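# Understanding the architecture of this molecule
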Amino acid sequence: MNTTAKAIVWVVVLGVVAWAGYAMLGTPAEAPVAETVATSTAPVAVEPLKIGFIAPLSGDGASYGEMKRNVVMLAVEEINAAGGVNGRPLEVIYEDGKCSGKDATGAAQKLVNVDKVHFILGGFCSGESLAAIPVAEAGQAMMLSTGSSSPDLTSKSRFFVRDYPSDATQGEVLAKAAAAKGWKKVAMIQEQLDYPLGIFKAFSASFEALGGTVVKEEFPTSATDFRSMLTKLKAAKPDALFLNAQTPASGERVIKQLVDLKWKPKMLVNEAFVGDRATVEKYKDILEGALAAEFAVDPANTKFIALDQAYKAKFGVDMPFKSYGQTVYDGVYLAKEGLMAVGDDGVKLADWFRTVKDWQGASGTITIKPDGDRESGYSGEVVKDGKVEMMSMAPAATSTPQ
Amino acid sequence: MEYLIHLAVMSSIYAILGMSLNLVVGYAGLLSVTHAAFYGIGAYAVGILTVSHGYGFFGATAIGMACAALAAWFIGIVSGRFKGDYYALVSFGFNIIVFSIFLNVQSVTRGPLGIPGIPKPEVFGMLIRSNAQFLLLAIAFTLATYAVSQWIVTSSFGRTLKGIREDEDALRVFGYDTARYKRIIFVIAAMLAAVGGSLFASYISYIDPSTFSLNESIFILSLVILGGLANVNGSVFGAIFFILLPEILRFVGFPPDIAAQMRQVAYGLILVLLMLYRPQGMFGEYKL
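Every chain's residues receive numbers from 1 upward, in the order its sequence appears when written. Chain letters start at A and ligand numbers start at 1, both assigned in the order the entries are written. Owing to the predicted nature of the model, reporting of local features is limited to residues with pLDDT of at least 70; listing and counting of side-chain atom pairs is limited to 80 or more, with chain, interface and lining totals taken over all residues.

Residues and elements named next belong to chain A. Of all the five residues making up strand β8 (residues 240-244), five are buried; the element is thus mostly covered by neighbouring parts of the structure. Of the two faces of β8, the one carrying Ala 240, Phe 242 and Asn 244 and the one carrying Leu 241 and Leu 243 are both buried. Across four bridges, the pairing between β8 and strand β9 (residues 266-269) is parallel. By the bridge assignment for β9, Ala 240 is matched with Lys 266. A crossover connection joins β8 to the parallel β9 through helix α8 (residues 248-261); in handedness this β-α-β unit is right-handed. With C-beta atoms placed from the backbone, a residue counts as buried when 20 or more other C-beta atoms lie within 10 Å of its own, as exposed when 12 or fewer do, and as partly exposed for counts between those limits. Secondary structure elements are defined from DSSP: runs of H or I of at least 4 residues count as helices, runs of E of at least 2 residues count as strands, and each element is numbered from the N terminus. Strand pairing is defined by DSSP finding a minimum of two bridges between the two strands. Crossovers are marked right-handed if the path from the first strand over the helix to the second runs clockwise, as seen with the strands pointing away from the viewer.

Moving on to the environment of B:Met65. Residue and element names in this part refer to chain B. Note that Met 65 resides in helix α3 (residues 57-79). What makes Met 65 buried here is the crowd of 23 C-beta atoms within 10 Å. Each C-alpha atom of the pair Met 65 and Gly 197 lies 9.6 Å from the other, and the pair is 132 residues apart in sequence. Here the contact rule is simple: place C-beta atoms from the backbone, and any two residues whose C-beta atoms are within 7 Å are in contact. The contact partners of Met 65, leaving out residues within four places of it in the chain, are Gly 42, Met 191, Ala 194 and Val 195.

With that settled, consider the sheet that holds strand β10 (residues 291-295) of chain A. Residues and elements named next belong to chain A. Taking strand neighbours across the sheet as the criterion, the seven strands line up as β7-β6-β8-β9-β10-β13-β14 in an open arrangement whose pairing is mixed. With one partner strand each, in any of the chains shown, β7 (213-219) and β14 (387-390) form the two edges of the open sheet. Neighbouring strand axes in the sheet, compared pairwise and without regard to direction, differ in orientation by 30 degrees on average. Where strand β6 (residues 185-191) and β7 come together, seven bridges link them in parallel fashion. The residue of β7 that forms the bridge with Val 186 is Val 214. Orientation is described by lines fitted to C-alpha atoms, with helices fitted over the stretch in contact, and by angles between N-to-C directions that extend from 0 to 180 degrees. Across the face of the sheet, helix α7 (residues 227-235) comes into contact with β6, β7 and β8 while running at roughly 170 degrees to β7.

A few words now on helix α5 (residues 167-180) of chain A. Residues and elements named next belong to chain A. When the terminal C-alpha atoms of α5 are compared, their 20 Å separation across 14 residues agrees well with the 20 Å that a helix rising 1.5 Å per residue should span. The element α5 is extensively covered by neighbouring structure, given that eleven of its 14 residues are classed as buried. Of all the residues in α5, the buried ones are Asp 167, Ala 168, Thr 169, Gln 170, Gly 171, Glu 172, Val 173, Leu 174, Ala 175, Ala 177 and Ala 178. Where α5 terminates, the next one or two residues include Gly 182, which has phi positive at roughly 90 degrees. To estimate the expected span of a helix, subtract one from its residue number and multiply by 1.5 Å.

The next point concerns the domain arrangement of chain A. All names here are of chain A. These domain limits were set by an automatic method or by a database of domain assignments. What the domain assignment lists for chain A is domain 1 (46-165 + 301-376) and domain 2 (168-297 + 379-398). Just the C-alpha atoms count here: the centres of domain 1 and domain 2 sit 30 Å apart. Between domain 1 and domain 2, the contact holds 13 residues from the first and eleven residues from the second. Going through the elements one at a time, α4 (126-138) and α13 (322-342) are the ones with two or more residues in the side of domain 1 that touches domain 2. With three residues, the single largest contributor to the side of domain 1 that touches domain 2 is α13. When its residues are assigned to classes, the side of domain 1 that touches domain 2 shows five nonpolar, seven polar and one charged. The classification used treats Ala, Val, Leu, Ile, Met, Phe, Trp, Tyr, Cys and Pro as nonpolar, Asp, Glu, Lys and Arg as charged, and all other residues, Gly among them, as polar.

Written out as structure tokens, the structure is:
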């Protein structure tokens with residue numbers, strides 16, 4: 001080892017020692033993330049109340065994570081302007097979970113044991129939540145997820161609740177809608193990721209119970225050519241094609257090739273796809289009459305309208321992934337109410353969240369069940385002329401073959 | 001403190017992975033980009049066997065090591081026919097195959113849903129509860145790996161490996177069955193990687209295929225190269241460095257709306273600078 005190497009090693013060692021000391025002794029007063037001190041000229045300096053945040057801020061899921069961070073910033077600003085939590089401003093510590101269990105564990109460890117938070121808004125991806133829960137449990141911190149929809153999270157922990165419904169309900173609603181149309185055989189093209197797989201499981205279970213059959217082809221996220229899969233599915237002569245992708249981008253790639261193949265089946269699409277209204281509008285011809293289920297946004301909800309407008313005003317763009325945005329917003333406000341009611345205590349918060357009943361938020365009425373899940377909220381939708389409309393209660397009447 | 005323990009556990013796991021890969025890349029000179037496959041086999045063995053078949057941690061680990069050894073033996077037979085860049089490509093392919101198996105054999109691996117709720121190990125009838133206890137276990141495994149690695153590289157077997165790395169034809173002329181040597185070290189490295197995987201699975205308690213993708217293999221290879229090829233201490237250093245660096249960057253006060261991106265940029269920049277000024281790695285005794 002020559003002198004340069006020695007010098008580098010020493011610099012690294014010194015850096016680590018300095019940082020370890022910093023980490024152990026806790027964050028000093030001048031915290032780096034102090035952008036939200038918006039208390040209205042409070043004469044006494046009140047210590048901010050810290051809460052944690054985990055979502056994918058980089059990598060594939062970053063578009064969701066950024067939206068979540070923006071909505072949290074917005075809600076926290078509002079709350080602090082209105083006096084914070086019992087006079088203490090909220091301060092959010094943003095950590096990147098990268099949509100991976102490993103990184104979410106690291107993020108949760110830092111939040112719980114270094115920043116000493118007792119409440120974490122996260123994770124976003126189900127993998128983040130599943131891996132971070134044991135860390136939160138050990139540190140008795142409460143987690144509220146606003147986006148994790150894996151059925152595995154139901155009853156997972158005392159310290160975990162979510163204000164976003166489980167995928168199981170989305171699959172069920174779609175299966176019922178398809179059966180009501182009189183469809184017997186549905187062909188599914190599914191991306192090989194946890195979210196579409198969860199929907200497939202729930203969908204096929206209820207659709208088969210209703211007497212239907214499902215044929216399925218799967219594609220990896222990196223796939224760009226779907227022609228052979230689509231041709232195979234077409235040969236099965238299905239009543240409808242279910243496009244079950246993780247993101248609008250991959251769904252769009254499939255749709256393009258449907259157009260190329262000149263196959264125009266009746267369609268079912270999942271929430272992740274129909275949530276992107278621009279893409280739906282773009283392919284309105286092929287999607288005409290397509291069924292969807294969405295944890296719907298209620299455009300008449302005043303809280304939602306206010307959120308939507310505030311987002312646009314603050315960030316200059318239309319809020320993406322609105323159905324996720326509304327639950328993030330509600331999550332922050334639920335946290336605020338919980339913190340006001342029982343204080344910054346993970347155990348008490350865990351009990352408090354399960355008492356939430358008929359709480360009115362931007363995402364509608366929230367009731368948290370004892371298993372930590374939100375009471376349903378999915379509703380059937382249908383695409384008409386590029387617009388997504390709520391399904392009428394008697395869909396059978398409109399289902400005459402075209 | 002808990003946080004530092006967490007980082008120490010992660011560093012130990014990656015030190016095991018780094019040391020084992022170093023045996024293949026640093027000592028035998030085989031540019032293998034498939035380590036995450038064996039890491040994953042170990043992790044999935046523990047995940048599947050402990051969650052749904054009632055095995056204990058150590059039994060599952062042993063089976064995981066056996067599976068990894070078997071897989072490595074077969075791939076060793078095939079990849080033994082290739083050299084240099086071609087070897088790297090073949091190993092590449094193997095990683096992708098194993099990743100696809102994790103992703104697609106859903107009846108066994110649950111595919112992209114992953115396996116949640118993997119229990120913590122039980123040592124002599126005592127369940128490991130705290131992370132501090134887990135750290136002791138991880139350190140014990142790391143020390144064992146360290147001892148095995150040192151023993152291998154200082155033995156005549158290790159010297160032969162270095163000889164193969166420098167001039168394989170010459171050794172063959174002297175009557176060494178070089179293909180066999182390469183296969184054996186590959187199998188040993190795979191078994192050690194499986195140990196790292198089993199520790200990871202029971203520590204994080206949730207695994208899914210994305211953890212064992214090609215990127216992970218490249219990550220492990222980077223830490224071996226940065227630590228220094230053909231030096232066991234180097235791999236330990238590399239592991240600690242690669243685990244701590246992104247965590248340290250969490251504490252750099254970037255504004256929250258660009259923090260995540262800035263961290264990645266800083267991370268990449270530091271690696272580029274290190275390679276620029278220290279191309280043989282920190283402790284390296286051999287350069288690819």
